[in-house]
Amino acid sequence: MGGTRDDGFTAYVAGRRSHLFRAAYLLCGDPHRAEDIVQTALAKLYVAWPRASRADSVDAYVRRVIINSHVDETRRPWRRESPTEDDRLDRAAPSGVAPEDSDALWAALRELGPKQRRVVVLRHYWGLSVEETAADLGVSPGTVKSQTSAALDKLRTALMSDTRGGRR
Amino acid sequence: MTDPADRFLQERLHALARDVRVPVVPADADLRRGRRRLFRMRVAMVGATTGTLAVVLGITGLTAGDPKATELPVTQPPTTLPATPISSPSDAKSDDATPDGEHQAKGGDLRVGDQPDTDLTGQGTDPAGRGGSPNGGGVTGAPSSAAPGTTHGGADTGHYQPSNGTPASDPTETPASTVTATSAPTGTPTATPTAEPTGTPTSTPTVPPTGTTKVQVHRVLRYYNEVLAEQLDPDRDHLQPYDRAIDTKETTRRDGVLFALGASYRWEAGGSRAGLGITVASGWDQVDWDCGASDTDWQCHVADAGGVAPAEVATHDGVRQVAVEHSDGQVVVVTADRSIRRVDDELVTAASDDRLILPGDAPVAPPVLDVETFAPAGVAALVRTGESFDQSSVDRSPQVRGTWAVAGAARGTLSWAARPVYAGARWECLRSYRTCEDVVVDESGTTVHLAAVRARAGGGWVIQYDGPSYAVRVYASDRTFPKRRAYAFVTQPGWQPVR
């Protein structure tokens, strides 16, 4: 049984880990935190592998774990701390200009609140319907719609300005 | 997603995600993390299951069946009867009377195990015995015939004027009876008492407290209830059967030995509910009985129970209490709210019922020392010509306390007391003592304990002799007080009566 679990889990991780990392990265905007979230999600997936694999919903399970981990992450006390004014503290070492840093979409995405960002990622990156998104987030479809609308307004503005800027 | 703007957003999101640099993490690393998490969860589940099982089994083991007398008495709530010593104002008064930190363990506490603590806190400031008295409202049980006459300026022992009693022998004489001290009073109250019920009980007591080491407290309390019903309410019009879930019980235990057992039963009359309490104790030192004390507002008198036993009746705080000393030394106290319309004689007769005994191998209390003998004997032995003793308090533990003066000049506190050793009154060298030593006081090798009391605990010294029956001690806050007087007093054989 252990062999079956390990084999299936290893195969899944090899094929889907990068996708999960990217989704987590879009959610939290930080590669280190995204890696933490993915590791947590995969560890939980391993424990629940028999149940998740039988239901043929491994992706859905991991997606929910990632979302919940992101929710937990945003609720942690140190995440509620106000950032210091001195940006020299805890700043990443320069590693060149990352593509996202020059992307207005990325900037706009980081400006969204956590809830709106989750809605956007689930609906437009993962491609879920309103109902699926509502089920994953544990909110009503109306909430998903309203948050999607508000988030898209901000993103469209950013994308339009980015497009105009790109065309200039 | 048919909106071109939405499709554009979706494409840009995927493009953005594609540009993210994904760290290279081997699948084996995630596999190891998953295994560790699974292992931790399983260990936690096993631990939680084991812990829960242990708790459940422990609780089940503790609560299975009838609780025994060996249960911790501290788990028992105090009786709700206002007649009980716990709620009597005499307790507070006793506390007030020892502002120097003493604490007299009232009999109402009915916890012999508390006595060492009492010693610890009390002897430091008054090592003569107040602090160590196992029952602050101590009772000799042997009513005396006169107020103290040889104490100089001493406080009256109270309005209590008993007419008969069983005073101990003269302190200067050796007690006549010196045998059968350990004869078991646990006796067999089985057949004889039940053979002649005085009324028409609704149910005959069927569970007498026989002499066994395994005591089922609730069964005994139910038995007491049935005995009281026979005596006071044969038709069960008022006295309700014992219900362990409603009625309160009290146990006094020390080292697994039951010293006192009591309960408060419901007495219902005309829609009102009163309390009828009973306490069966190994001796007077285990009950709260303030009759005879100098600082009490109890109204006491001696009742004649038809010659069965000397009985005392006390009225205080809205209750009547009847105390009867049985032939084996055990004391039965029946407490009745004033609303219970039973005359004193009925209560005395009920308390005198021979079936009301402690179950199991009950400890045997020594015969009481009469404070009316103990107090003047102390004055005679400790106070000489040119000196005086102004008695400030006395109770029937027995215990005497006052001020010693030389040529009219007060020299401090002088007190003497005796406490039965069977309840744990033996000598302990306390932290409030600066030094402790044993002193051989005569050629036969009699040894007494001598301790210098720290100044913050009152100063002076305390001397105690642990006899076979009583621990007799003298305390003088003036360290110049001649110790030899105390040696002679505490070792008098008259203070060691045996039953």
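Residues numbered from 1 in each chain as written. Chains lettered and ligands numbered in written order. Predicted model: local features only at pLDDT ≥ 70, side-chain atom pairs only at ≥ 80, totals over all residues.

### So, the overall build of chain A
Then, number 1: A count of helical and extended segments in chain A gives eight helices and zero strands.
Then, number 2: The buried share of chain A, taken over its 168 residues, is 32%.
Then, number 3: Long-range pairs, those at least 24 residues apart, make up 60% of the contacts in chain A between residues at least 6 apart in sequence. (Helix = DSSP H or I, 4+ residues; strand = E, 2+ residues; numbered from the N terminus. Buried ≥ 20, exposed ≤ 12 C-beta atoms within 10 Å, placed from the backbone. Contact = placed C-beta atoms within 7 Å.)

### Considerations on the overall build of chain B
Then, number 1: A count of helical and extended segments in chain B gives nine helices and 14 strands.
Then, number 2: Going through the 499 residues of chain B one by one, you find that 49% of them count as buried.
Then, number 3: Contacts in chain B between residues far apart in sequence, at least 24 positions, make up 65% of those at least 6 positions apart.

### A few points about the pairing of strand β9 (residues 399-406) of chain B
All names here are of chain B.
Then, number 1: The pairing of strand β8 (residues 387-395) with β9 spans eight bridges and is antiparallel. Paired with Gln 391 across the strands is Gly 402, a residue of β9.
Then, number 2: Hairpin connection from β9 to strand β10 (residues 409-420): two residues lie between these consecutive antiparallel strands, with Ala 407 at a positive phi of about 55°. (Pairing = 2+ DSSP bridges.)

### A word on the sheet that holds β8(B)
All names here are of chain B.
Then, number 1: Spatially, the seven strands line up as an open sheet ordered β8-β9-β10-β14-β13-β12-β11, and their pairing is antiparallel. Unpaired on one side and paired on the other, β8 and β11 (433-440) mark the two borders of the sheet. Neighbouring strand axes in the sheet, compared pairwise and without regard to direction, differ in orientation by 20° on average.
Then, number 2: Relative to β10, β9 runs antiparallel, the two being bridged by eight bridges. Looking at β10, one finds that Val 406 is bridged to Ala 409.
Then, number 3: Packing of helix α8 (residues 371-382) onto the sheet brings it into contact with β8, β9, β10 and β14 (470-476), and relative to β10 it is tilted by some 135°.
Then, number 4: With respect to the sheet, helix α9 (residues 483-490) is in contact with β10, β12 (447-453), β13 (461-466) and β14, its orientation differing from that of β13 by roughly 25°. (Axes fitted to C-alpha atoms, helices over the stretch in contact; angles between N-to-C directions.)

### A short note on the packing of α8(B) against α9(B)
All names here are of chain B.
Then, number 1: Here α8 crosses α9 at 145°, and the two axes come no closer than 9 Å. Along this stretch, α8 crosses α9, giving a crossing that reads as right-handed. When α8 is examined against α9, the residues Gly 378, Ala 381 and Leu 382 are found in contact with a partner set consisting of Arg 485, Ala 486, Ala 488 and Phe 489.
Then, number 2: Considering only residue class, the contact of α8 with α9 consists of five nonpolar, one polar and one charged. (Left-handed = near helix turned anticlockwise from the far one by under 90°. Nonpolar A, V, L, I, M, F, W, Y, C, P; charged D, E, K, R; others polar.)

### Remarks on the packing of helix α6 (residues 217-232) of chain B against helix α7 (residues 344-351) of chain B
Residues and elements named next belong to chain B.
Then, number 1: Two elements in contact, α6 and α7, have axes separated by 9 Å at closest approach and are oriented at 145°. Remark: the crossing between α6 and α7 carries right-handed chirality. For the pair formed by α6 and α7, the contact residues are Leu 228, Gln 231 and Leu 232 on the first element and Glu 346, Thr 349 and Ala 350 on the second.
Then, number 2: Tallied by class, residues from the contact of α6 with α7 come to three nonpolar, two polar and one charged.

### Topic: the sheet that holds strand β1 (residues 248-254) of chain B
Residue and element names in this part refer to chain B.
Then, number 1: Within the open sheet, the seven strands sit side by side as β1-β2-β3-β7-β6-β5-β4. Their pairing is antiparallel. The strands lining the two open edges of the sheet, one partner per strand, are β1 and β4 (299-304). Going across the sheet, the axis of each strand differs from the next one's by a mean of 15°, ignoring polarity.
Then, number 2: Bridge analysis of β4 against strand β5 (residues 310-316) gives six bridges, and the strand direction is antiparallel. Counted as the bridge partner of Cys 300 is Ala 314 from β5.
Then, number 3: Contacts from α6 reach β1, β2 (257-269) and β3 (272-281), with the element oriented near 50° to β2.
Then, number 4: On top of the sheet, α7 reaches β4, β5, β6 (319-325) and β7 (331-337); it is set at about 40° to β6, its chief contact.

### Quick look at the pairing of β11(B)
Residue and element names in this part refer to chain B.
Then, number 1: Alignment of β11 against β12, held across seven bridges, turns out to be antiparallel. Each bridged residue has a counterpart across the sheet, and for Glu 437 the counterpart in β12 is Leu 450.
Then, number 2: Linking β11 to β12, which pair antiparallel, is a turn of six residues; within it Gly 445 sits at a positive phi near 90°.

### Comments concerning the confidence of the model for chain B
Then, number 1: Taken as a whole, chain B shows an average pLDDT of 74; of its residues, 68% reach a score of 70 or greater.
Then, number 2: Scored as a whole, the predicted complex attains pTM 0.47, and scored at its interfaces, ipTM 0.74. (pLDDT = per-residue confidence, 0-100.)

### Points about the interface of chain A and chain B
Then, number 1: Taken together, the 28 residues of chain A in the interface contact 23 residues of chain B.
Then, number 2: The greatest single-element share of the side of chain A that touches chain B, amounting to eleven residues, is contributed by helix α1 (residues 2-28) of chain A.
Then, number 3: Grouping the amino acids of the side of chain A that touches chain B by side-chain chemistry returns 17 nonpolar, four polar and seven charged.

### Quick notes on the nonpolar core
Then, number 1: Within the largest apolar cluster, 97 residues are counted, with the highest numbers of intra-cluster contacts made by B:Val322 and B:Ala351.
Then, number 2: With nine residues, the single largest contributor to this core is α6(B).
Then, number 3: Aside from chain neighbours lying at most four places away, what touches B:Ala351 is B:Ala311, B:Val322, B:Val324, B:Val332, B:Val333 and B:Val334.
Then, number 4: Grouped together as the second largest cluster of nonpolar side chains are 41 residues, A:Val13, A:Ala23, A:Tyr25 and A:Leu26 included. (Core = buried A, V, L, I, M, F, W, Y, C linked by C-beta atoms within 7 Å.)

### Considering the environment of A:Thr4
Then, number 1: You can see A:Thr4 is positioned in helix α1.
Then, number 2: A C-alpha to C-alpha distance of 9.1 Å links A:Thr4 and A:Pro50, two positions 46 residues apart in sequence.

### Here we look at unusual backbone geometry
Residue and element names in this part refer to chain B.
Then, number 1: In this structure, Pro 398 follows Ser 397 across a cis peptide bond, with omega equal to 10°.
Then, number 2: Mapped onto the fold, Pro 398 is located in the loop between β8 and β9.
Then, number 3: Positive phi, normally seen in glycine, also occurs at Asp 317, with a value near 50°.
Then, number 4: Among the secondary structure elements, Asp 317 is positioned in the loop between β5 and β6.

### Quick notes on the environment of B:Asp288
Then, number 1: Its place among the elements puts B:Asp288 in the loop between β3 and β4.
Then, number 2: Expressed as a C-alpha distance, the spacing of B:Asp288 and B:Val333, which sit 45 residues apart in the sequence, is 9.2 Å.

### Focus on helix α4 (residues 58-75) of chain A
An α-helical segment advances 3.6 residues per turn. Residues three or four places apart therefore align on the same side.
Then, number 1: With 18 residues, α4(A) extends 26 Å between its outermost C-alpha atoms, agreeing within 8% with the 26 Å of an ideal straight helix rising 1.5 Å per residue.
Then, number 2: Burial in α4(A) covers these residues: A:Val62, A:Arg63, A:Val65, A:Ile66, A:Ile67, A:Ser69, A:His70 and A:Glu73. (Expected span 1.5 Å × (residues − 1).)

### Some remarks on the confidence of the model for chain A
All names here are of chain A.
Then, number 1: Residues of chain A with pLDDT of at least 70 account for 73%, and the chain-wide mean is 75.
Then, number 2: When the elements of chain A are averaged for pLDDT, helix α8 (residues 141-167) gives the smallest value, 73, and helix α2 (residues 31-47) the largest, 88.
Then, number 3: Here residues 81-102 is modelled with pLDDT under 50, and outside its nearest four sequence neighbours on either side it reaches six contacts, counting other chains as well.
Then, number 4: Here residues 163-168 is a poorly scored stretch, pLDDT under 50, and it has zero contacts once near neighbours within four places are set aside; other chains count.

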